[in-house]
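Observations on the model geometry
Residue strings, one per chain:
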Amino acid sequence: MDKSIRKKIGTHYTHLDTPSLILDIDAFKYNLDIVNFKLNAANLGVRIDVNSHLSKDILNLQLNGFSNALGISASNVGQGSIFSHLSDDILIDRPILSDEKLNSLVDINGKCTFNSLVQLQSIEYDKLSGIYLKIIVDQINEFDENILTFITQNKIKITGIIFQYHDYDIPKQSTVSEFVKLHPSISKMTNNFIASGKIMISEYDNLDSNFTEIIISKLPLIDKEIIDHNQIELQESIKVITSVLSIPDDDRIILDTGQKAINIDYGFPTIKEIQSAEVQYLSAEHTNLFVEKNELKQFNLQDKVQIIPKEISSVINQFDSISVIKNEKLLSVFEVSARGVYK
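First things first, this report covers the structure right here in the doc. (Residues numbered from 1 in each chain as written. Predicted model: local features only at pLDDT ≥ 70, side-chain atom pairs only at ≥ 80, totals over all residues. Heavy atoms only, no water.)

Attention now moves to the overall build of the chain. Regarding its fold elements, the chain presents 10 helices and 17 strands. The C-alpha atoms of the chain give a radius of gyration of 22 Å, which matches the 20 Å a tight globule of 343 residues would have. The dimensions of the chain, computed from C-alpha atoms along their principal axes, are 70 × 40 × 35 Å. Of the contacts formed within the chain by residues at least 6 apart in sequence, a portion of 67% connects residues at least 24 apart. The averaged location of the 46 negative side-chain charges in the chain is 4 Å from the averaged location of its 33 positive side-chain charges. (Helix = DSSP H or I, 4+ residues; strand = E, 2+ residues; numbered from the N terminus. Rg over C-alpha atoms; globule rule 2.2 N^0.38 Å. Contact = heavy atoms within 4.5 Å. Lys, Arg positive; Asp, Glu negative; His and termini not counted. Charge placed at Lys NZ, Arg CZ, Asp CG, Glu CD.)

For the rest of this paragraph, the subject is the side chain of T113. Structurally, T113 is set in strand β5 (residues 111-114). Given a relative accessible area of 3%, T113 falls into the buried group. At 3.1 Å, the side chain of T113 and the backbone nitrogen of R94 are in polar contact. Discounting chain neighbours no more than four positions away, the residues touching T113 are L91, I92, D93, R94, P95, Y132, K134 and I162. (Buried < 20%, exposed > 50% of the residue type's maximum accessible area, 1.4 Å probe, protein only. Polar contact = N/O pair within 3.5 Å; in protein donor to acceptor, adjacent residues only side chain to side chain.)

The next subject is the sheet that holds strand β6 (residues 131-136). Strand order around the closed barrel formed by 8 strands is β2-β3-β4-β5-β6-β7-β8-β9, with parallel pairing between neighbours. Averaged over all pairs of adjacent strands, the angle between their axes in this sheet comes to 30 degrees, without regard to strand direction. Bridge count between strand β8 (residues 193-197) and strand β9 (residues 213-216): 2 bridges; the pairing is parallel. Opposite A195, over in β9, you have I214 as the bridge partner. (Pairing = 2+ DSSP bridges. Axes fitted to C-alpha atoms, helices over the stretch in contact; angles between N-to-C directions.)

Along helix α2 (residues 56-65), the residues classified as buried are I58, L59, Q62 and L63. Axial view of α2: buried residues confined to an arc of 135 degrees, hence all on one face. Two or three places before D57, at the start of α2, stands the capping residue S55, its side-chain oxygen 3.3 Å from that residue's backbone nitrogen. (Arc of directions from axis to C-beta.)

We now examine the side chain of T175. In this structure, T175 sits in helix α7 (residues 175-182). Contacts of T175, omitting those with residues within four sequence positions, involve V137, I140, F163, Y165, D208 and F211.

Along the polypeptide, N317 turns up in the loop between α10 (313-316) and β16 (321-326). Overall, the relative accessible area of 30% leaves N317 in the partly exposed class. Taking the C-alpha atoms as reference points, N317 and L282, separated by 35 residues in sequence, lie 18 Å from one another.

In this structure, the largest pocket spans a volume of roughly 700 Å³. Lining the largest pocket are 29 residues, and of these D49, Q164, G197, S217 and E311 sit closest to its centre. Elements that contribute at least two residues to the lining of the largest pocket include exactly β3 (69-74), β7 (158-165), β8, β9, α8 (224-228) and α10. Element by element, the count of residues in the lining of the largest pocket is highest for β9, at 3 residues. (1 Å grid on protein atoms, 1.4 Å probe; cavity = no way out; pocket = protein on both sides within 12 Å on 5 of 7 lines; lining within 4 Å. Points joined across faces, edges and corners; volume = space filled by probe spheres on them.)

Our focus in this paragraph is the pairing of strand β13 (residues 278-282). Pairing geometry for β13 and strand β14 (residues 287-290), over 4 bridges, is antiparallel. Residue pairing across strands places L282 opposite T287, the latter belonging to β14. Between β13 and β14, which pair antiparallel in sequence order, lie 4 residues.

According to the stated counting rule, one finds 16 salt bridges in the structure shown. Salt-bridge contacts for K310 lead to D228; the nearest nitrogen and oxygen are separated by 3.2 Å. Linking K310 in the loop between β15 (304-308) and α10 with D228 in helix α8, this pair joins segments that are 82 residues apart in sequence. Overall, K310 belongs to the partly exposed group, its relative accessible area being 21%. Here R252 makes a salt bridge to D249, at a shortest N to O gap of 2.8 Å. (Salt bridge = Lys/Arg side-chain N within 4 Å of Asp/Glu carboxyl O.)

Three or more residues of helix α6 (residues 145-153) are buried, namely I147, L148, F150 and I151. Angularly, the buried residues of α6 cover 160 degrees about the axis, an arc narrow enough to put them on a single face. Along α6, the residues that are exposed and aim more than 90 degrees away from the buried face are T152 and Q153. Buried-residue contacts for α6 involve α5 (117-121), β6 and β7.

If you want to describe how two helices pack, look at the angle between their axes and the distance between the axes. α2 packs onto helix α1 (residues 25-41) with a crossing angle of 35 degrees between their chain directions and a minimal axis gap of 10 Å. Between α1 and α2 lies a crossing whose hand is right-handed. Across from I25, F28, L32 and N36 in α1, the residues of α2 making contact are I58, L61, Q62 and G65. A breakdown of the residues in the contact of α1 with α2 according to their chemical character gives 5 nonpolar, 3 polar and no charged. (Left-handed = near helix turned anticlockwise from the far one by under 90°. Nonpolar A, V, L, I, M, F, W, Y, C, P; charged D, E, K, R; others polar.)

As structure tokens, this is what we get:
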């Protein structure tokens, strides 16, 4: 996708080049305060998933805004390296198996996750100052006890155990206690238990009391997925601005933004200004909308329309920068620092 044309600070958001990714800074800070209050009440440390936004500027806001911020989580060593000057507590949320990447991980004093015995047996684990174990909660009954035996025999330090939820509907009140009951030897290895994945904000107070930490993904960025799965009042903080390119029929609008800007792997986005809008399909560079006739009359060519992505993490990597908006005017521009970093 072509780079957006930069505008002067103070420009009204409707005059930005489209498509543009915009962040409403007041909504962002409002959401951050709510989430921070809930996390403090639950006495949970916070690890920030940088893969959800890829921006040093947003990470700075999160590190300063969350009272119990501990460190960061990244999806690969390259990302971890980019953000390493902002935190000395770096978790790479995947196994690192090659010698070259293990050396790079050691260089940034990072740690990575493992979820199988085969992975642990294939690396020079003596290079690492510690590891994380990852437990997929949906598959918790399939956990291999031999992993713990191997860790004990080889005196590998466990920094923590990550329990990842793949479904919002999974009960979370006794996850850790039930796992420890099944594998009592784990209590001698670590008391650091980390919640991650699909967890509603309203569930923070009801998480297993053994959880010491939570990995925050996306928040306080709010996309359609977060809106759909949280009853708590949150404000839409990040959107894609697009323009009306064509009105070919009396019930259809075509926008100048398609799948090159809006990833639809997780579902279609929501159109903010048009109540009756129904997304028909997205081509590479266009979005086709069905719109009721009475609403269609309100729109002209080049009018701006705000799109709320279904899943923002998959959209941010499409942009070089994020336009920060305050009172509908351009306040700043945040670079997407780790765009395209996948190793």
